[in-house]
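Residue strings, one per chain:
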Amino acid sequence: QVQLVESGGGLVQPGGSLRLSCAASGSIFSIYAMGWYRQAPGKQRELVAVITSGGSTNYADSVKGRFTISRDNAKNTVYLQMNNLKPEDTAVYYCAGTRVSGYNYWGQGTQVTVSS
């Protein structure tokens with residue numbers, strides 16, 4: 001089993017920044033990639049960014065150039081730096097750990113609200 005705990009969400013004005021953190025514990029050796037997803041009210045959960053164990057990254061087109069995913073292997077923690085936030089970034093953000101099989105472990109989610 002893998003446990004994921006997110007932190008760092010909150011209320012921010014448009015154009016502002018937030019950094020989300022996701023601390024992993026448990027059988028983390030089984031994890032191939034770590035990612036951030038988000039779900040806005042009435043919408044499907046969508047991939048925001050992902051980073052593999054080898055350090056490769058991928059981003060949704062809507063966040064490219066604004067968000068950066070990174071990892072600190074010593075701390076078993078993945079970060080999502082979000083800059084130039086827009087109201088449409090408002091959502092619950094979830095951390096996910098993906099096994100090679102494709103199975104996802106999920107965190108509990110953290111709310112990000114972008115509003116003036």
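Residues numbered from 1 in each chain as written. Predicted model: local features only at pLDDT ≥ 70, side-chain atom pairs only at ≥ 80, totals over all residues. Heavy atoms only, no water.

Chemist: For this particular structure, what's the right way to read the pattern of salt bridges?
Modeler: Throughout the structure, instances matching the rule amount to four salt bridges. Here Asp89 ties to Arg38 by a salt bridge, and the two come within 2.9 Å at their closest N and O atoms. Here Asp89 is found in the loop between strand 8 (77-82) and strand 9 (91-99), whereas its partner Arg38 is found in strand 4 (residues 31-39), with 51 residues between them in sequence. When sorted by exposure, Asp89 lands in the same class as Arg38, which is buried. Of the charged contacts, one joins Arg66 and Asp89 as a salt bridge, the two residues approaching to 2.8 Å between their closest N and O atoms. On the criterion of sequence distance, the pair formed by Arg66 in the loop between strand 6 (57-59) and strand 7 (67-72) and Asp89 in the loop between strand 8 and strand 9 is long-range, its members being 23 residues apart. Like Arg66, the residue Asp89 is buried in the burial classification. One salt-bridge network, in which partners are shared between bridges, spans Arg38, Glu46, Arg66 and Asp89. (Salt bridge = Lys/Arg side-chain N within 4 Å of Asp/Glu carboxyl O. Helix = DSSP H or I, 4+ residues; strand = E, 2+ residues; numbered from the N terminus. Buried < 20%, exposed > 50% of the residue type's maximum accessible area, 1.4 Å probe, protein only.)

Chemist: How should the packing of aromatic side chains be read in this particular structure?
Modeler: Two aromatic rings, taken as a pair, are described by how far apart their centres are and by the angle between their planes. Within the structure shown, the criterion is met by three aromatic pairs. Judged by centre distance (6.5 Å) and plane angle (90°), the ring pair of Tyr94 and Trp106 falls under edge-to-face. Linking Tyr94 in strand 9 with Trp106 in strand 10 (residues 104-106), this pair joins segments that are 12 residues apart in sequence. Measuring from centroid to centroid gives 5.0 Å for Tyr103 and Tyr105, while their planes differ by 80°, and the two rings are edge-to-face. (Phe/Tyr/Trp six-rings, centres within 6.5 Å; stacked < 30°, edge-to-face > 60°.)

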